[in-house]
Amino acid sequence: MERLHWVQHRCRHLLDGDSGRGWYSAPNGLPNKNFSETHGSPQRVNGKRRTVFARHGPHQQDYEAVSRNYKGNAIRTTKYSLLTFLPMNLFQQFHRAANLYFLFLALLNWVPVVEAFQKEITMIPLVVVLTVIAIKDALEDYRRYLFDKKVNNNVVRVLCGKQKAYVQRCWKDVQVGDFVRLSSNEIIPADMLLLYSSDPRGVCYIQTSNLDGETNLKQRQVVSDLPFQGAELTLENFKSRIECENPNNDLSRFRGYMEHPNGVRVGLHNSNLLLRSCTVRNTETVVGIVVYAGHETKSMMNNSGPRYKRSQLEKRLNTDVLWCVLLLIVMCLTAAVGHGLWMKNLKDPIFQVDGETSPALAGFYVFWTMIIVLQVLIPISLYVSIEIVKLGQIYFIHNDLALYNEQLDSRIQCRALNITEDLGRIQYLFSDKTGTLTENKMVFRRCSIFGIEYPHEENARRLEVYEAERNEAERNEASGRSVTLKSGCSGKSLSCRSLSCNRSSVSLHTLTNEAEEEEDQLTDHIQRRTSAFCSRVAREVVPDPELVRKLSWLCSPGLTLSDGSFRTPSSLELTYITDFFLALAMCNSVVVSSPGQPRHMVPEARGTPLKSLEEIKLLFQRFSFSPFSTLSPPQIRGSPHSFTSRLFASRKTGSFTFPTPPDSTADRSEPGPENHLEASNLTPELDLPSREDEGAGQAEERVDDITEYAQLSPEERDLTREVDSDDELLYEAESPDEAALVHAAQAYRCTLRGRSAESLLVDLPGIGSLAVKLLHILPFDSNRKRMSVVIRHPLSGQVVVYTKGADSVIMDLTEAPKGAEQAQEIYGHIREQTQKHLDSYARDGLRTLCIAKKVLEEEEYEVWLKRQLLAESSIENREELLLESAQRLETGLTLLGTTGILDRLQEEVPETIEALQRAGIKVWVLTGDKKETAINIAYACKLLRANDQLLTASCGSKEACVALLHELRLEVQRGEDSHTEAGNHGKSSSDSGASFVLVIDGRTLDWALQEELKNDFLELSCRCRAVICCRSTPLQKSRVVRLIRDQLGVMTLAVGDGANDVSMIQVADVGVGISGQEGMQAVMSSDFAVSRFKHLSKLLLVHGRWCYSRLANMILYFFYKNVMYVNLLFWYQFFCGFSGSVMTNSWVLIFFNLLFTSVPPLIYGVLDRDTPADTLMELPELYRDTQTSKVYVPFMFWITVLDAFYQSLVCFFVPYFAYAGSDAGDLSLGSPINASALFIILLHQVIESHTVTWIHALVLGFSAGLYFGFVLLFSLICVTCSPPTNPLGVETLQMSQPLFYIVCALTTVMALLPRLLFRALHNTLHSTAAQTDNADSEKYRRKMQRWNLKHSRDSRVPVCVDNPGLEPNTASVMS
Amino acid sequence: MMASSYNAKEEDGHHSGAANHGGAGAVKSKKPDNTAFKQQRLPAWQPILTAGTVLPAFFVIGLIFIPIGIGLYVSSNNIKEFEIDYTGVDISSPCHTCAKNVSWNSTTPCLCSVHFTLKQPFESNVFMYYGLSNFYQNHRRYVKSRDDSQLNGDRSALMSPSKECEPYRTSEGQPIAPCGAIANSLFNDTLELYHIDSNGTRNTIPLVKKGIAWWTDKHVKFRNPGGNNNNLTLAFQGTSKPVNWRKPVYELDPLDDENNGFTNEDFIVWMRTAALPTFRKLYRIIQKKSSSTPTLPSGQYVLDINYNYPVLSFDGRKRMILSTISWMGGKNPFLGIAYITVGSICFFLGVVLLIIHHKYDTRNNSADIPN
């Protein structure tokens, strides 16, 4: 039963999974086409619109007229009702060919002339199968019904027409046009337009994890320009009419307008829509009007059928089933012809019941009779068994500890139930890079501003330290103790932070256990996983001292005057630096929350708390207006507060002085003084309240602070930071890069403190909190590859555009500022330098982003604004217009600098890749990154080895591509030739010899994928050990996978973590999603979802191989079993005139397959282990056996069938000769035949099994016991039942005679002798082969180690420089 | 059974969390249990069948099978069996005329006598069989053509037999009892055995006709309608005799009520259809009289046959068989030979495997995987 629940759950999971699909159909322009190909474009009914009025509002008639056809909010996901269950379920079941076959047989048995058994007996298989499936369906449906009922009866507050108040209603009673009021953490009952939010800015946050699994908050906005803005919404004042699209399943798209009574139309878009089954977060109260209800909601419309893939084995199986059909027909024909001939030679026999039938006709009848008699030959139950076995296999995969991720508390998810054995046959693995091979935990590593590189050496060292520390922590945790428990924090804040930051930090993770007692809703484990990007390592960036020093100029240039050893930065450079960090802090879509009030908005700042701001502003204006003027120190000197103290003050007082909205008292009370005092009491650095008053003399101390800080030992710094950042802000970003950059900015005291729709609150070094007016956000999209914010600069007052994006794009968009030649020159230099740094970053495997800026003139901005507003409010082509508008803005940028973000490799990636390659799997890396980055990562993960020959394909035109491919092929050819020559001389060089690795970029790939060139490309890539495709788009990824899959006919596996891998995952035979940092799209579309790349090796090498060999062996065994048993009946035909009679009771005959011998193969298929897991992990080469499907090949099938024939011959003819001429009745002959067939079949499995556990023993014993119990009982009590073959007294008599046992023993031994002998000989010879294999691989490994050693010594490529994770590995290789 | 320890709730909890996970759900680690079963580390016997591991089995089989085979062979050879074909195909045969003339319709019995000599005396109980050849009692339609309910004494089935009995279901408007082709083709020769002693007198050998059927058949499966005490003639009133029969079922053995009607043992034996087209059926038992004299001493015998059963139409043969039986049944040398052969082969293969084992299989064969 539980199994069924589990199945049901899995199916539900699949169903749920589909609801996420809509998400990636819109944001990425490019893959769009592909998606619509794969699973149908979203239904869009543009012609018709839906009109919505308030339900109890003024337009009562209109409402009734319009809303009559709208569905209510009650949902019914059940397939059947009580009445329709039987007919509908039967109808659905008879869609399966197998059931039709059963039905056909059952019906055939009703034809009197061909009737073989009692009529009811042939119904049994059909009835059993139908009943089992019907029960399963019924249970499933019942659970769905209960679920629906629960959902439908959820309570929500709806505005009632009569009482004019919000009353509690069930979800199912909600109608289109109802006003629904929700509070925080309530689930949205239907798709509604957001009309009111308690948030003063009119926003509300929703969490869509129920819909797409993404746990970050999404902002929704109140419909703009409502006439009753601010006032409480009542029925009377809502006179507007809403026009919107008809219900569709596109989650990311909603268009419409709201027409107010005065005729004004307001555009509605996706950000106004609250989707059903999402959760309201961080917002006290929201009110919305329902526009789609029940089954018309977007989330419901996204529910579609589960994912079904047919495995290769199943296809192979089908051909063998066809062979069985052929065999059946041959056997039946033999019987028919035999019967005809036999009839012909008979003259008026006394035993002939109806002698009138002509021999030919009788033969024809016998043909059909035999089909009924020999029906078992077609292993219909095999299909059911395979499904059960796969469930069992999935159960074990699901429960594997090695595939469990402790940190994320996530197991492997098996989303496709029927392709487990394909895991054992993977030949090509296509991997995404970011987030798949790497952690996708972005850490700010270094940057370049104003053409000057800041290497952040300390930062690099810190990353290494972190790595070591983490390893230590892991070790410690393994022994059950956590050592990194930081003291000095109050329990409360500690728990809060650890709750939200335990993503990577092991030590913090353990703390959550302590915090679990708190009745905080945050303890919900979903919550715990939410704040994805604030891992400790990402938060902590050690500032570069040089940059800190320069930055410090901003507030106290006088200091450096006294210290002549420092170079004075020009004020232009300073503005660059300031702008750079402002851009880092502001140009993002990060949501800020503080630990005291998790996920709540930091109250908005209305004023500027610091006195010195005006002065700084003046200073800054001077900077920006006269860039080349020197600084005037006195202005800065006047600043009353030191940097640190000011910073402290701002932090300390900021939350008190900010005016807070009147209705958010609960929010405000959270970060109350207690917390802060408590926190500050604990911090040695901060508990000096007197410092605040000490004045200007502290400037030196401040710099000391900072530099001192940078020089602290890592441990100390940890502690400091731990304490220092106690009320630290939590950033929730859509992409980890963003979070990394924000944290980097924070490290330079340029902190993003809060965000609202119109403004950003930013701390600036030496200035304090500033409210920056946010004019626009042009969000990131993969076509533009950049995002921009338009702000009013807090200091200069100008309209400034900050753009952040891929270097390739930004570099093209930047241009030198107009003006002085000198400036031009400087700028040119900056560009050049930055480009140089960019290249070096890429070489080091860093992800690069360029930051640029543009100052807009007011008029310019006005013009653009007009177009932008037009685009925003347009209903048609909104996306296109917005894109166009964004592109218009993002030109003529000034390059500020570039950042290098480190994305470390996941643990054990090199080992995994090596294991996979040794297993004969070709690993391709498809990434959107730059070539240099990709190559570097490839080196780091040992996809590329030092003496591999790198073939780079990068060309600008098709012709060049043709030539290039040709040339590369020749080169490979030459290389291979020389290689084979070398191989002839020294035989051991085959392993260590150089192999080719192709690196191809996106543009060239485009050419290579074209029809004319793809063969060349294929040939080339086949000869390369690995292929790296860089700068590839999602569409290209899927095209590459498809090309390989279709052209080479190999099994492909695609693994990825992000939305850009979805198409690839869907195309591949097996899609694996990494449930990483980038949402859940990849997981949703995958067949298996793991949390780490390293899990792949166990998944493929062990589970894949096991599943495959188990299933293949089970299928073979199934065929064997059926052929063996059916042939017994066939041989009997030679002695009964081919009349189709059987020597067994027909119940026993039917049950033999259905009951007595059905469970052992299942156990065999689920539990057999042909090779122990650790052997498989140690010797990945063993994978090649299954990969080339050595187990289940036609040869093996026919061997099995032949063996079955032999065994059935023995099993029939030994009893035959033993009883020939005696007075044995037909059933008496059948009794030893059946019993020995059972023994043979069960013992055959023991011989074939690779492992026998107590479960096997139990099941085998149970099967035998069941058989004997049944036949004995049956022959005792069945007096008149089962008429033609009444077994009364037969078995009891037979089993009381020694002859029975003598016959059974002889038969069993004789039948199994060849198989036993074959196995023994095969294993003896094979084991010696395996031994040599073993020795070979041992030799290979040693050679590899030596090679690695050599490689790490000469260290041609800086592999490990930025990859501290690799150090221990190389070290271990050396040792 | 496999999923017995699997906690479906755990998964479901996760799912239903989709509906209301705003509530504080207790956090439960999804970490799989580290049990031997779930981690597939169950202690297992791994039958790596190599030459080394199986060769003891081969020797053991050989060593067990050969003695059994010898025992079987000896005991089979100790069984005395005598068989005589009285079909009368040959012109010289005494029953030739009967064989030619007899048909189902003939009313007058045809008598013939067959003389034979037993060279060895038969000790212990002797079983007398009649044997039929080329008689397909296992033909599908034939086997089905009976009504077990009727034979079990069910009155309603007596009056309206099962359709399976067609075309021997009714005759002249009345239901046939017993219906069906099996009953219709009841073997109706009568055999009598005489010993001709040294002075030429025919001594009737007493043939016991009780105890030839299975106990279960006699007492459970076959019952006369209306109980045993009633008058059988009355019980079978309104039924018709099978077409080929000369007398109705209640006159099969008028002398013994216990052996009359459906419970007639000859009838019961016939109704248990033979497995193969050449078969024998127990006809009578010649019981051992005393321990001193053999049941059938060697010498001249005569078999008197009341020849009623036509078999020549389908090339059938009729035989009379006298046989003693042993613990393993009747005479059958096959099993003994087969056992000896298989045993020898196993022994031989054991030797071969031993050689192979010494040549190739030098590896340490630890069958159990340590876990």
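The structure displayed is predicted, hence computed values, not measured ones. Within each chain, residue numbers correspond to sequence positions counted from 1 in written order. For this description, chains carry letters from A and ligands carry numbers from 1, given in the order in which they are written. Where totals are concerned, whole chains, interfaces and linings use all residues; where local detail is concerned, this predicted model gives features only for residues with pLDDT of at least 70, and gives and counts side-chain atom pairs only at 80 or more. Only hydrogens and water are set aside; all other atoms, that is, all heavy atoms of the structure, feed into the side-chain values.

### Focus on the overall build of chain B
- Segments assigned H or I by DSSP are reported as helices when at least four residues long, segments assigned E as strands when at least two residues long, and all are numbered from the N terminus. Within chain B, the secondary structure is distributed over eleven helices and ten strands.
- Exposure is judged per residue with a 1.4 Å probe applied to protein chains only, and the accessible area is read against the type maximum: over 50% gives exposed, under 20% gives buried, and values in between give partly exposed. The burial tally for chain B puts 52% of its 371 residues in the buried class.
- Exposure was quantified through the Shrake-Rupley algorithm and a 1.4 Å probe, taking into account, for residues, occlusion by the shown protein chains and nothing else. Approximately 16500 Å² of chain B is accessible, and the part contributed by carbon and sulfur atoms is 56%.

### A few points about the overall build of chain A
- Counting its secondary structure elements, chain A contains 51 helices and 33 strands.
- Across the 1375 residues that make up chain A, the buried fraction comes to 62%.
- Any pair of residues with heavy atoms lying within 4.5 Å of one another is described as a contacting pair. Here the contacts in chain A between residues at least 6 apart in sequence split such that 76% fall between residues at least 24 apart.
- If you sum the accessible surface of chain A, you get close to 49900 Å²; carbon and sulfur atoms cover 58% of it.

### Description of the pattern of salt bridges
Residues and elements named next belong to chain A.
- By definition, a salt bridge exists where a carboxyl oxygen of Asp or Glu is found within 4 Å of a side-chain nitrogen of Lys or Arg. Scanning the entire structure with this criterion turns up 46 salt bridges over all chains.
- As a salt-bridge pair, E907 and K1094 come within 3.7 Å of each other at their nearest N and O atoms. Residue E907 is found in the loop between β26 (894-905) and α32 (909-918), and its partner K1094 is found in the loop between β33 (1088-1090) and α41 (1095-1133); the two are separated by 187 residues along the sequence.
- The partly exposed category is assigned to E907, whose relative accessible area is 23%.

### A short note on the confidence of the model for chain A
Residues and elements named next belong to chain A.
- Taken as a whole, chain A shows an average pLDDT of 72; of its residues, 71% reach a score of 70 or greater.
- Across residues 596-612, where pLDDT falls below 50, the model places 55 contacts with residues more than four positions away in sequence or in other chains.
- Per-residue confidence from the predictor is reported as pLDDT, a score between 0 and 100. A low-confidence stretch, residues 1351-1375 (pLDDT under 50), is modelled with 32 contacts involving residues beyond four sequence positions or located in other chains.

### Here we look at a nonpolar patch on the surface
All names here are of chain A.
- Think of a patch as exposed residues, more than 30% relative accessible area, with no salt bridge, where like charges cluster within 9 Å and nonpolar side chains (Val, Leu, Ile, Met, Phe, Trp, Tyr) cluster within 5 Å. Taken together, the side chains of W323, L326, V330 and W1198 present a nonpolar region at the surface, about 380 Å² in accessible area.
- When residues in the nonpolar patch are grouped by element, the largest group, three residues, is from helix α9 (residues 312-344).
- Structurally, L326 is set in helix α9.

### Some remarks on the state of the cysteines
- Defined by distance alone, a disulfide is two cysteine sulfur atoms within 2.5 Å. Under the defined criterion, the tally for this structure stands at four disulfides over all chains.
- The residue that forms a disulfide with A:C1278 is A:C1281, at a sulfur-sulfur distance of 1.6 Å.
- Residue class for A:C1281 comes out partly exposed when judged on its relative accessible area of 29%.
- Through a disulfide, B:C98 is tied to B:C110; the S-S separation comes to 1.7 Å. On the sign convention where negative means left-handed, the S-S torsion of about -85° between B:C98 and B:C110 marks this disulfide as left-handed. Here the residue B:C98 occupies a position in helix α3 (residues 96-101), and B:C110 occupies one in strand β2 (residues 110-118), the gap between them amounting to twelve residues. The exposure classification of B:C98 matches that of B:C110, with both residues buried.
- Sequence-ordered numbering of the bonded cysteines in chain B gives a disulfide pattern of 1-4, 2-3, 5-6.
- With no disulfide of its own, A:C955 has A:C961 as its nearest cysteine by sulfur position, at a separation of 4.0 Å.

### What about the packing of helix α4 (residues 85-93) of chain A against helix α6 (residues 119-152) of chain A?
Residues and elements named next belong to chain A.
- Angles here are taken between N-to-C directions and fall from 0 to 180 degrees, while the axes themselves are lines fitted to C-alpha atoms, restricted in helices to the stretch in contact. Orientation of α4 relative to α6, taken along the N-to-C sense of each, is 120°, at an axis distance of 11 Å. As judged from the angle between their axes, α4 and α6 are oblique. The interaxial crossing formed by α4 with α6 has right-handed handedness. Residue-level inspection shows F85, N89, L90 and Q93 of α4 in contact with α6, the latter providing V129, L130, I133, A134, D137 and A138.
- Only Asp, Glu, Lys and Arg are considered charged in this grouping, and only Ala, Val, Leu, Ile, Met, Phe, Trp, Tyr, Cys and Pro are considered nonpolar; every other residue, Gly among them, is considered polar. Here the residues of the contact of α4 with α6 sort into seven nonpolar, two polar and one charged. Here is the rule for angles: anything less than 35 degrees is roughly parallel, anything more than 145 is roughly antiparallel, 65 through 115 is roughly perpendicular, and the remaining ranges are oblique. Rotating anticlockwise by less than a right angle from the far helix to the near helix defines a left-handed crossing, while the corresponding clockwise rotation defines a right-handed one.

### A few points about the pairing of strand β6 (residues 203-207) of chain A
- Of all the five residues making up β6(A), five are buried; the element is thus mostly covered by neighbouring parts of the structure.
- Covered by surrounding structure in β6(A) are A:V203, A:Y205 and A:Q207 together with A:C204 and A:I206, the residues of both alternating faces.

### Brief notes about the packing of aromatic side chains
Residues and elements named next belong to chain B.
- Any pair of Phe, Tyr and Trp rings, taking the six-membered ring for Trp, is counted once the centres come within 6.5 Å. Such a pair is stacked with planes under 30 degrees apart, edge-to-face with planes over 60 apart, and tilted for the rest. Going through the model one piece at a time under the given rule, you end up with 72 aromatic pairs over all chains.
- Between F135 and F314, the ring centres sit 5.5 Å apart and the planes meet at 70°, which makes this aromatic pair edge-to-face. One end of the pair, F135, is in the loop between β3 (126-133) and α4 (140-144); the other, F314, is in the loop between β9 (299-307) and β10 (317-323), with 179 residues separating them in the sequence. Neither residue differs from the other here; F135 and F314 are each classed as buried.

### Things to note about a negative patch on the surface
Residues and elements named next belong to chain A.
- When charges are tallied, Lys and Arg are placed among the positive residues and Asp and Glu among the negative ones, while His and the ends of the chain are skipped. Working definition for charges: the position is that of NZ of Lys, CZ of Arg, CG of Asp or CD of Glu. The grouping of E857, E859, E860 and E862 at the surface amounts to a negative patch.
- As for its placement among the helices and strands, E859 is situated in helix α30 (residues 858-873).
- Here E859 falls in the exposed class, since its relative accessible area comes to 55%.

### Overview of the environment of A:L998
Residue and element names in this part refer to chain A.
- Here L998 is to be found in strand β29 (residues 996-1001).
- Note on L998: relative accessible area 0%, which makes it buried.
- A C-alpha to C-alpha distance of 8.3 Å links L998 and L1020, two positions 22 residues apart in sequence.

### Some remarks on the sheet that holds strand β9 (residues 256-259) of chain A
Residue and element names in this part refer to chain A.
- Only strands joined by at least two bridges in the DSSP assignment are considered to pair. Spatially, β1-β8-β9-β10 is the arrangement adopted by the four strands of the open sheet, whose pairing is antiparallel. With partners counted over all chains shown, the strands left at the sheet margins are β1 (49-52) and β10 (265-268), one partner each. In this sheet, neighbouring strand axes are inclined to one another by 20° on average, regardless of whether the strands run parallel or antiparallel.
- As paired elements, strand β8 (residues 241-245) and β9 share four bridges and run antiparallel to each other. Bridge pairing links C244 to G256 in β9.

### A look at the sheet that holds strand β3 (residues 165-170) of chain A
All names here are of chain A.
- Read from one edge to the other, the open sheet built from six strands follows the order β3-β2-β4-β13-β5-β11, with strand pairing classed as antiparallel. Each end of this open sheet is capped by a strand with a single partner; those strands are β3 and β11 (273-274).
- As paired strands, strand β2 (residues 155-160) and strand β4 (residues 179-183) are joined by two bridges and run antiparallel to one another. Counted as the bridge partner of R157 is R181 from β4.

### Focus: the side chain of A:E259
Residue and element names in this part refer to chain A.
- Mapped onto the fold, E259 is located in strand β9.
- At 2.9 Å, the side chain of E259 forms a polar contact with the side chain of R265.
- Not counting the four nearest positions on each side in its chain, E259 is found in contact with S240, R241, V264 and R265. Residues adjacent in sequence count toward polar contacts only when both atoms are side-chain atoms; beyond that, a polar contact is any pair of N or O atoms within 3.5 Å, and within protein one must be able to donate a hydrogen and the other to accept it.

### Observations concerning the side chain of A:T1307
- Summarising the element assignment, A:T1307 is placed in helix α50 (residues 1298-1354).
- For A:T1307, a relative accessible area of 0% translates into the label buried.

### Details of α30(A)
Residue and element names in this part refer to chain A.
- Between its terminal C-alpha atoms α30 stretches 22 Å, which fits the 22 Å expected from 16 residues at 1.5 Å a residue.
- Within α30 the residues assigned to the buried category are Y861, W864, L865, Q868 and A871. Down the axis of α30, the buried side of the element spans an arc of 125°, and every buried residue falls inside it. Away from the buried face of α30 by more than 90 degrees, exposed residues E859, V863, K866 and L870 are located.
- Each element contacted by the buried residues of α30 is listed here: β22 (768-781), β23 (786-792), β24 (799-805), β25 (847-856) and α31 (878-889). A helix is expected to span 1.5 Å multiplied by its residue count minus one. The arc in question is traced by the directions running from the helix axis to the C-beta atoms.

### Here we look at the pairing of β3(A)
Residue and element names in this part refer to chain A.
- Relative to β3, β2 runs antiparallel, the two sharing six bridges. When the bridges of β3 are listed, R157 appears paired with Q168.
- Counting the residues that bridge the hairpin from β2 to β3 gives four residues, and of these K164 lies at a positive phi of roughly 55°.

### A word on the confidence of the model for chain B
All names here are of chain B.
- Counting all residues, the mean pLDDT for chain B is 83, and 88% of those residues have values of 70 or more.
- Counted against residues more than four places away or in other chains, residues 1-27, with its pLDDT under 50, gives 61 contacts.
- Counting interchain partners and residues more than four positions distant, the pLDDT-below-50 stretch residues 363-371 has 20 contacts.

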